[in-house]
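Coordinate analysis (summary)
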Amino acid sequence: MSGDFSEHVPPADPLENLAERAAADPAAAFAPDVIEALAGLRAEDRGRFEAVRSALKRAGVRVGALDPIICAAAGDEGGRPSHADLLIGIAAEAELFHDRDKRAFADIRVGAVRETWPVKSAGFRRWLGRAFYQRHNGAPNADAMSSAIAVIEAKAHYDAPERPIFLRIGEHDGKLFLDLGDESWRAVEIDADGWRIVAEPPCRFRRAAGMLPLPEPTRGGSLEALRGLLNISTEQQFVLAVAWLLATFRPSGPYPVLIVSGEHGSAKTSFVTALRAMVDPNSTPMRSTPRDDRDLFISASNAHVLAFDNLSGLPGWLSDALCRLATGGGFSTRQLYSDSDEILFDAMRPIAVNGIEDIVSRPDLADRGLFAALAAIAETDRKTDKEMRAAIEAARPSILGAALDAVANGLRRLPEIRLERLPRMADFAVWSVACGDGLLWPEGAFMAAFAENRAQAIGDVIEGDAVASAVVRLMTEAAEWTGTAATLRQRLAEIAGEAAMKARTWPVNDRALAGKLRRIAPFLRSPSVGIALTFTRDMRGRYICLRRSPSVGDFASFASLASSKRKNGGFPLVSEHRGHDANHDANAAYDANGLGHDANHDANAAPDSVCVMPKPLKTLPHDANDANDANSPSFGDRESKHMRRGLL
């Protein structure tokens, strides 16, 4: 008898196995001790209370009749919990967290699929509203939803852990993850051993408006299939296009900027669209030029790859913004409808732009660029947009699989890659060599293509910059030039001509000239040009020193970069040397070491340097030669008087 009696003893915890007991006898859920326990649980742990309530509902208990009894036991005046309380209880089933910027996110379950949404997003609201309807056979009012979202956001901010959130490409524990963007929220896991598809990646992704799913990648493909989708005319273009594509699989930059140019009908838009479709397809693959920083910020917040179509030019602010976005630099803007709150964005994005003209004129953006000049397509070789879209869609699975193979190869080889010299965009160069050398192209092919592309960019930028081209012409006349900014500005104006001086880009004062020179200094210093630029000062003032590298000689290597463009115009790269006149004597030297000519210099000899200042950082005592110095022209009689006055 004792054994039979023990089987009917109620459990010590009234809520223990309550759902199972209620399934056999629904009245068990209405027992006084159970009601009291449920009321206490509701006050102490709303999440667990909602879980118990849901279990009772599945067991067949009429929770609509149970709720007012629990509320009465808890002393609620309304007799029923508010909609906001019910919504907060439902949200307790989600896994909340926040990112480093304290934005609230929630992992929710939709069937067997884990989805991640910002708490303030429409996706999370839809899930919350649907769950409310399923449990209470009604819709929550708008005020209750807003109140609940505010509380849930606060709980994610203060009570939940911090996790990184990614857009399309993520990283966790040394592995890369590519969000496929499908309804199952699957991702591709990539490591040194290869790649595989996983149902629930350890890193969290968010889905932005316009994102399209990637196809399930297939094995055994080849990136050579890209040739049929791109208007490629040279092997260099193909290598750089593939390198840019592989760079987009990195979760963080720096990233190169793909700059595509060509006349009408050269398939510039198709070129960029096809590449983007392999890693970050979007319902609007190409965007128009952003109007301001806010537009660019919004685009960068909602896409992994940014692509801008048919640009006719890049204003200074946009060129600078693209540089920051490609290689690092934060954005901040005032939050809408707020006087003091800021929205901060600190991330890097792969970027592609196209245009008919040479749209890049600033050296800092050109220094980050991969340039592809496309040839026009013959009418007999054209395809319709429908045919191109079908071809891209058919090739995507195999090309994506081949790209993933290359990325896995890069992860495996990356620790052992050591380049003899690191160019600009060194991280990109090392990554491209690790991914492609020996697998996609011969050893050294990428670095050769990258170096040639950079040399061409330097030539194009210097040719298109009036100040830079004038500096090059000046330095064909001498191995060294030193003087004040005012003197240099006047000398460059004489070289460039009146038309260049009237252009909006011509520096109107000495400070503008100094800023311009600092921008172009890296390109002038490059091996293909070889002009070193330094700024010095002493007791007499500030000076600019230009010095030509002996290894460059007469700039023949630089002249070859764009000689075909310069045959019918532009600056000549070689000009006659300018010697001192017969009146220039030994007293023109400023000191024993002589940045000018020494006492043995023949007056009729053509010098290989032009100097118009005393030796930097050194001031000599006055002597008898000072009077002669004051009367001795620094440039020769052909120089104007106001140029000499600028040296004082």
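Coordinates for the structure precede this section.
Let me sum up the structure you'll find in this document. Quick caveat, the model's predicted, so the values are computed rather than measured.

This brings us to the overall build of the protein. A count of helical and extended segments in the protein gives 24 helices and 19 strands. Within the span of the protein, comprising 648 residues, buried residues form 48% of the whole. Intrachain contacts of the protein at a sequence separation of at least 6 include 67% that bridge at least 24 residues. Of the accessible surface of the protein, which amounts to about 31,700 Å², a share of 51% is contributed by carbon and sulfur atoms.

This part takes up the sheet that holds strand 5 (residues 169–172). The strand order across the open sheet formed by four strands is 5-6-7-8, and the pairing between neighbours is antiparallel. In this open sheet, the two edge strands, each paired with only one partner strand, are strand 5 and strand 8 (194–198). On average, adjacent strands in this sheet sit at an angle of 25° to one another, irrespective of strand direction. As paired strands, strand 5 and strand 6 (residues 175–179) are joined by four bridges and run antiparallel to one another. Within the sheet, the bridge partner assigned to Glu-171 lies in strand 6 and is Leu-176.

Counting across every chain of the model gives 32 salt bridges. Across the pair Asp-280 and Arg-168 runs a salt bridge, and its minimum N-O distance is 2.9 Å. Placement of Asp-280 in the loop between helix 10 (268–277) and helix 11 (293–301) and of Arg-168 in the loop between strand 4 (165–166) and strand 5 is noted, with a sequence separation of 112 residues between them. Two residues, Arg-489 and Asp-510, come together in a salt bridge whose shortest N-O distance is 3.1 Å.

What follows is about helix 15 (residues 426–436). Summarising burial for helix 15: ten of the eleven residues are buried, a large majority. All of the buried residues in helix 15 are Ala-426, Phe-428, Ala-429, Val-430, Trp-431, Ser-432, Val-433, Ala-434, Cys-435 and Gly-436. Those residues of helix 15 hidden inside the fold are in contact with strand 6, helix 9 (235–247), strand 15 (369–374), helix 14 (385–413) and helix 16 (445–464).

This brings us to the sheet that holds strand 15. Within the open sheet, the four strands sit side by side as 11-14-10-15. Their pairing is parallel. Each edge of the open sheet carries a strand with a single partner, namely strand 11 (306–308) and strand 15. Direction aside, neighbouring strands of the sheet carry axes that sit 15° apart on average. Pairing between strand 10 (residues 257–262) and strand 15: six bridges, direction parallel. Opposite Leu-258, over in strand 15, you have Leu-370 as the bridge partner.

To continue, consider unusual backbone geometry. Along the chain, Gly-253 connects to Pro-254 via a cis peptide bond; the corresponding omega equals 5°. Position of Pro-254 relative to the elements: it lies in the loop between helix 9 and strand 10. Positive phi outside glycine occurs at Asn-17, with the angle close to 55°. Relative to the helices and strands, Asn-17 resides in the loop between helix 1 (2–7) and helix 2 (18–24). With a phi close to 60°, Met-425 is a non-glycine residue in the positive phi region. Considering the arrangement of structural elements, one finds Met-425 in the loop between helix 14 and helix 15.

Direction vectors running N to C along helix 9 and helix 16 enclose 100°, while the axes themselves pass 9 Å from each other. With respect to each other, helix 9 and helix 16 are oriented roughly perpendicular. Residue-level inspection shows Gln-236, Val-239, Leu-240 and Ala-243 of helix 9 in contact with helix 16, the latter providing Ala-445, Phe-446, Ala-449, Phe-450, Glu-452, Asn-453 and Gln-456. Grouping the amino acids of the contact of helix 9 with helix 16 by side-chain chemistry returns seven nonpolar, three polar and one charged.

With that settled, consider the pairing of strand 8. Pairing of strand 7 (residues 187–191) with strand 8, which is carried by five bridges, proceeds in the antiparallel orientation. Residue Ile-190 lies in a different strand from strand 8, and its bridge partner there is Trp-195. Turn length for the strand 7-strand 8 hairpin, with the two strands adjacent in sequence and antiparallel, is two residues.

We now examine the environment of Asp-292. Counting through the fold element by element, Asp-292 comes out in the loop between helix 10 and helix 11. Placed 26 residues apart in sequence, Asp-292 and Leu-318 show a C-alpha to C-alpha distance of 7.8 Å. One polar contact links the side chain of Asp-292 to the main-chain amide nitrogen of Asp-295, over a distance of 2.9 Å.

Its relative accessible area of 1% is what places Asp-280 among the buried residues. In this structure the side chain of Asp-280 is engaged in a polar contact, spanning 2.9 Å, whose partner is the side chain of Arg-168. What Asp-280 contacts, discounting residues up to four positions off in sequence, is Arg-168, Ala-303, His-304 and Val-305.

Right, let's talk about the nonpolar core for a bit. Soluble globular proteins tend to bury their nonpolar side chains together. Core analysis: the biggest nonpolar cluster contains 65 residues, and Leu-226, Phe-249, Phe-271 and Phe-446 have the highest contact counts within it. Other than its neighbours up to four places away in sequence, Leu-226 contacts Phe-238, Val-242, Leu-245, Leu-275, Met-278 and Ile-399. With 50 residues, the next largest nonpolar core counts Val-257, Leu-517, Ile-531 and Leu-533 among its residues.

The next subject is helix 11. Inspection of helix 11 places Asp-295, Leu-296, Phe-297, Ser-299, Ala-300 and Ser-301 among the buried residues, and these make up the whole buried set. Of the residues flanking the start of helix 11, the one acting as N-cap is Asp-292, its side-chain oxygen 3.2 Å from the backbone nitrogen of Arg-294.

Turning to empty space enclosed by the protein, a few remarks are in order. Summed over all chains, the structure comprises seven cavities of 30 Å³ or more. Of the pockets and cavities examined, the second largest cavity occupies roughly 80 Å³. Lining the second largest cavity are Arg-114, Thr-116, Asp-179, Trp-185, Arg-186, Ala-199, Glu-200, Pro-201, Cys-203, Arg-204, Phe-205 and Arg-207. Elements that contribute at least two residues to the lining of the second largest cavity include exactly strand 3 (113–118) and strand 9 (204–205). For the lining of the second largest cavity, a count of residues per class yields five nonpolar, one polar and six charged.

Applying the stated criterion to the full structure yields eight aromatic pairs. Taking 5.6 Å as the distance between ring centres and 15° as the angle between the ring planes, the aromatic pair formed by Phe-97 and Phe-105 counts as stacked. Assessed through its relative accessible area of 0%, Phe-97 is described here as buried. A ring pair is formed by Phe-124 and Trp-127, whose centres lie 5.6 Å apart and whose planes are at 35°; its orientation type is tilted. Placement of the pair is Phe-124 and Trp-127 together in helix 7 (residues 122–136), with a separation of three residues, close to one helical turn. For the pair formed by Phe-124 and Trp-127, the shared burial category is buried. Pairwise contacts between aromatic rings join Phe-428, Trp-441, Phe-446 and Phe-450 into one cluster. The cationic tip of Arg-163 hangs over the ring face of Phe-97; the distance from NZ or CZ to the ring centre is 5.3 Å.

Taken N-terminus to C-terminus, the directions of helix 4 (residues 46–58) and helix 7 make an angle of 50°; their axes are 11 Å apart at the nearest point. Viewed along their axes, helix 4 and helix 7 adopt a mutual orientation that is oblique. Between helix 4 and helix 7, the contacting residues are Arg-53, Ser-54 and Lys-57 on the first element and Gln-134, Arg-135 and His-136 on the second.

Rules and cut-offs
Residues numbered from 1 in each chain as written. Predicted model: local features only at pLDDT ≥ 70, side-chain atom pairs only at ≥ 80, totals over all residues. Heavy atoms only, no water. Helix = DSSP H or I, 4+ residues; strand = E, 2+ residues; numbered from the N terminus. Buried < 20%, exposed > 50% of the residue type's maximum accessible area, 1.4 Å probe, protein only. Contact = heavy atoms within 4.5 Å. Areas by Shrake-Rupley, 256 points an atom, 1.4 Å probe, with all protein chains shown as cover. Pairing = 2+ DSSP bridges. Axes fitted to C-alpha atoms, helices over the stretch in contact; angles between N-to-C directions. Salt bridge = Lys/Arg side-chain N within 4 Å of Asp/Glu carboxyl O. Parallel < 35°, antiparallel > 145°, perpendicular 65-115°, else oblique. Nonpolar A, V, L, I, M, F, W, Y, C, P; charged D, E, K, R; others polar. Polar contact = N/O pair within 3.5 Å; in protein donor to acceptor, adjacent residues only side chain to side chain. Core = buried A, V, L, I, M, F, W, Y, C linked by side-chain atoms within 4.5 Å. 1 Å grid on protein atoms, 1.4 Å probe; cavity = no way out; pocket = protein on both sides within 12 Å on 5 of 7 lines; lining within 4 Å. Points joined across faces, edges and corners; volume = space filled by probe spheres on them. Phe/Tyr/Trp six-rings, centres within 6.5 Å; stacked < 30°, edge-to-face > 60°. Lys NZ or Arg CZ within 6 Å of the ring centre and 35° of its normal.

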